[in-house]
Amino acid sequence: MPTLLVENRAGLAHEMPAGHPEQIARLQAVLDVLAGPEFAGLIRAEAPMAGEGDLLLAHPAEHIAAIRDAIPDRGLAALDPDTSVSPGSWEAALKGVGGCLYAVDQVLSGEATNAFVATRPPGHHAERIRPMGFCLFGNIAIAAKHALERHGLSRVAVVDFDVHHGNGTQDLLWDEPRAFFVSSHQMPLYPGTGAPSERGGSNNILNLPLGPGTGGAEMRRIVETRMLPRLAEIAPDLLLISAGFDAHRADPLANLNWDTEDFAWITRTLCAFAGAHCGGRVVSTLEGGYDLDALAASVATHVTVLMEQDG
Ligand SMILES: [Zn+2]
């Protein structure tokens, strides 16, 4: 089965203040590179809208209403110093969630081996009742709950290799013993969470902080010695990935020194794990990545490796 690419073109209408790193050009760069001839083998789909019932898997109704009510008719509205919404943000956010749920459906039904969701805004900083860090709703955590609640999976794992800690995903999955969340991230760095002592309500969270300057060799050692053994113990039915590419050495928001080839390596390693433990089922969604050239190159290599798994 081929790899599915879910494109959230509504994300191109989610505006942020001028000069903000989480800019429309990020998603455009990703869509442009994935339009190249080497990606002709992808199945492509436009992200469908999520419904309120989907958001309710992770967020209370009052919180959903508060974000909807904050969307301005024109211009921008700031939810916090980092996070703004524009008239196009509601559709962008709901299609981001909907795209992740659709990808889970297609992979679990066997229509695709694995999937990548090209979207913005990102989701891994969005807590249960607090949008933050450029994120409105917890895309990947909602996808995890969708897989558990609606597809009846016994266990899912979320791997987050964005350079920032996925505090939102951690918050949303803290009390979900069927979900395992593992995050590698620079520490200290925004949002400040992600210490090893944060283990979840049932030891279902593993935080692997990396010091500033950590390069690919040390990352690979930690993935092999810390992440993979725990994932093997968990034996998930589905592997979800919060794919942020801001650990790249070129990224302006952080100080890790991964190269594009390191993103190929971690993708290949996670796909090999999924091949051995969960039928190759992987759903990956875009989180951060703020140097446009590094982002495009890293997404290209990530999706190339996903496509190599087609069996
Ligand atoms: Zn990030």
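Right above here is the structure, for reference.
Position numbers for residues start from 1 in each chain and track the written sequence from start to end. Selection of residues for local features in this predicted model requires a pLDDT of at least 70, selection of side-chain atom pairs for listing and counting requires 80 or more, and totals for whole chains, interfaces and linings are taken over all residues. With hydrogens and water stripped out, all remaining heavy atoms of the structure feed into the side-chain values.

### Re the overall build of the chain
- Strands here are runs of E lasting at least two residues and helices are runs of H or I lasting at least four, both read from the DSSP assignment and numbered beginning at the N terminus. Each helix and strand in the chain was counted, giving nine helices and 10 strands.
- The size measure is the radius of gyration over C-alpha atoms, and the globule rule it meets is 2.2 Å times the number of residues to the 0.38 power. In terms of overall size, the chain behaves like a compact globule, its C-alpha atoms giving a radius of gyration of 17 Å where 311 residues would be expected to give roughly 19 Å.
- On the principal axes, the C-alpha backbone points of the chain span a range of 50 × 40 × 40 Å.
- The buried label goes to any residue with under 20% of its type's maximum accessible area, the exposed label to any with over 50%, and the partly exposed label to all in between, with areas taken from a 1.4 Å probe on protein chains only. With 311 residues in all, the chain has 61% of them scored as buried.
- Contacts between residues were defined by any pair of non-hydrogen atoms, one from each residue, lying within 4.5 Å. Within the chain, contacts between residues at least 6 apart in sequence are counted, and of these 77% link residues at least 24 apart.
- With an accessible surface of roughly 10,800 Å², the chain has 50% of that area assigned to carbon and sulfur atoms.
- Averaging the locations of the 21 positively and 38 negatively charged side chains of the chain gives two centres separated by 4 Å. All accessible-area figures derive from a Shrake-Rupley calculation using a 1.4 Å probe, and residue coverage is judged against the displayed protein chains alone. Charge assignment: positive for Lys and Arg, negative for Asp and Glu; neither His nor the chain ends contribute. Every charge is mapped to an atom, namely NZ of Lys, CZ of Arg, CG of Asp or CD of Glu.

### Side note on the packing of helix α7 (residues 216-234) against helix α8 (residues 260-277)
- All axes are obtained by fitting lines to C-alpha atoms, using only the stretch in contact for helices, and the reported angles, taken between N-to-C directions, cover 0 to 180 degrees. Between α7 and α8, the least distance of the axes is 11 Å, while the angle of their chain directions is 15°. The orientation of α7 with respect to α8, classified from their angle, is roughly parallel. By crossing handedness, the relation of α7 to α8 is classed as right-handed. Residues Gly-216, Met-219, Arg-220, Val-223, Glu-224, Met-227, Leu-228, Leu-231 and Ala-232 of α7 touch α8, and the partners they reach there are Glu-261, Asp-262, Trp-265, Ile-266, Thr-269, Leu-270, Phe-273 and His-277.
- In this count, Pro and Cys sit with the nonpolar residues alongside Ala, Val, Leu, Ile, Met, Phe, Trp and Tyr, while Asp, Glu, Lys and Arg are called charged and the others, Gly among them, polar. For the contact of α7 with α8, the residue count by class is 10 nonpolar, three polar and four charged. We call two directions roughly parallel when the angle between them is under 35 degrees, roughly antiparallel when it is over 145, roughly perpendicular when it lies between 65 and 115, and oblique otherwise. Here a crossing is taken to be left-handed if its near helix is turned anticlockwise relative to the far helix by less than a right angle, and right-handed if that turn runs clockwise.

### Quick word on the sheet that holds strand β10 (residues 282-286)
- A strand pair is defined by DSSP finding two or more bridges across the two strands. Read across the sheet, eight strands follow the order β2-β1-β5-β10-β9-β6-β7-β8 without closing on themselves; strand pairing throughout is parallel. Lying at the two open borders of the sheet, with one neighbouring strand each, are β2 (43-46) and β8 (205-210). Adjacent strand axes in the sheet meet at a mean angle of 15°, parallel and antiparallel pairs treated alike.
- When strand β6 (residues 156-160) meets strand β7 (residues 179-186), the two strands line up parallel, connected through five bridges. Within β7, the position partnered with Ala-157 by the bridge is Phe-180.
- Helix-sheet contacts for helix α5 (residues 139-149) involve β6, β7, β9 (238-243) and β10, and the interaxial angle to β9 is about 170°.

### Regarding unusual backbone geometry
- The residue after Arg-120, namely Pro-121, is reached through a cis peptide bond having omega 0°.
- Along the chain, Pro-121 turns up in the loop between β5 (114-118) and α5.
- Each neighbour pair has its own omega, and for Tyr-190 with Pro-191 the value is 0°, a cis peptide bond.
- Within the fold, Pro-191 resides in the loop between β7 and β8.
- Positive phi is not limited to glycine here, since Phe-134 has a value of about 75°.
- On the secondary structure map, Phe-134 appears in the loop between β5 and α5.

### Some points on the coordination of the zinc ion
- Here the coordinating atoms are restricted to nitrogen, oxygen and sulfur within 2.8 Å of the metal centre, or 3.2 Å for Na, K and Ca, and because water is not among them the sites may look incomplete. Coordination of the zinc ion by the protein involves Asp-162 (OD), Asp-162 (OD), His-164 (ND1) and Asp-246 (OD), with metal-donor separations of 2.0 to 2.7 Å.
- Given four donor atoms and angles of 53 to 155° at the metal, the environment of the zinc ion is assigned as irregular.
- Written as a sequence motif, the donor arrangement for the zinc ion is D-x1-H-x81-D. Taken as a pair, Asp-162 in the loop between β6 and α6 (167-173) and Asp-246 in the loop between β9 and α8 lie far apart in primary sequence, 84 residues in all.
- Asp-162 gets classed as buried once you look at its relative accessible area, which sits at 1%. Every angle between 85 and 135 degrees makes a four-donor site tetrahedral, while opposite donors more than 155 degrees apart, with all other angles between 65 and 115, make a four-donor site square planar and a six-donor site octahedral; other sites are irregular.

### Quick look at α8
- For α8, spanning 18 residues, the distance from its first C-alpha to its last is 26 Å, which sits close to the expected 26 Å at 1.5 Å a residue.
- Among the residues making up α8, those that are buried are Asp-262, Phe-263, Ala-264, Trp-265, Ile-266, Thr-267, Thr-269, Leu-270, Cys-271, Phe-273 and Ala-274.
- Its buried side turned inward, α8 meets β6, α7, β9, β10 and α9 (292-308).
- Directly after α8, the chain includes Gly-279, whose backbone phi takes a positive value near 60°. Helices are assigned an expected span. That span is 1.5 Å times one less than the residue count.

### Brief notes about the packing of aromatic side chains
- Side-chain rings of Phe, Tyr and Trp, where Trp is taken by its six-membered ring, are said to pair if the distance between their centres is within 6.5 Å; with planes under 30 degrees apart they count as stacked, over 60 as edge-to-face, and otherwise as tilted. Counted by the stated rule, this structure contains six aromatic pairs.
- With a centroid separation of 5.9 Å and 80° between ring planes, the pair formed by Trp-90 and Phe-137 is classed as edge-to-face. Here Trp-90 is found in helix α4 (residues 89-108), whereas its partner Phe-137 is found in the loop between β5 and α5, with 47 residues between them in sequence. Of the two residues, Trp-90 and Phe-137, both sit in the buried class.
- A connected cluster of aromatic rings, assembled from ring pairs, spans Phe-161, Phe-245, Trp-258 and Phe-263.

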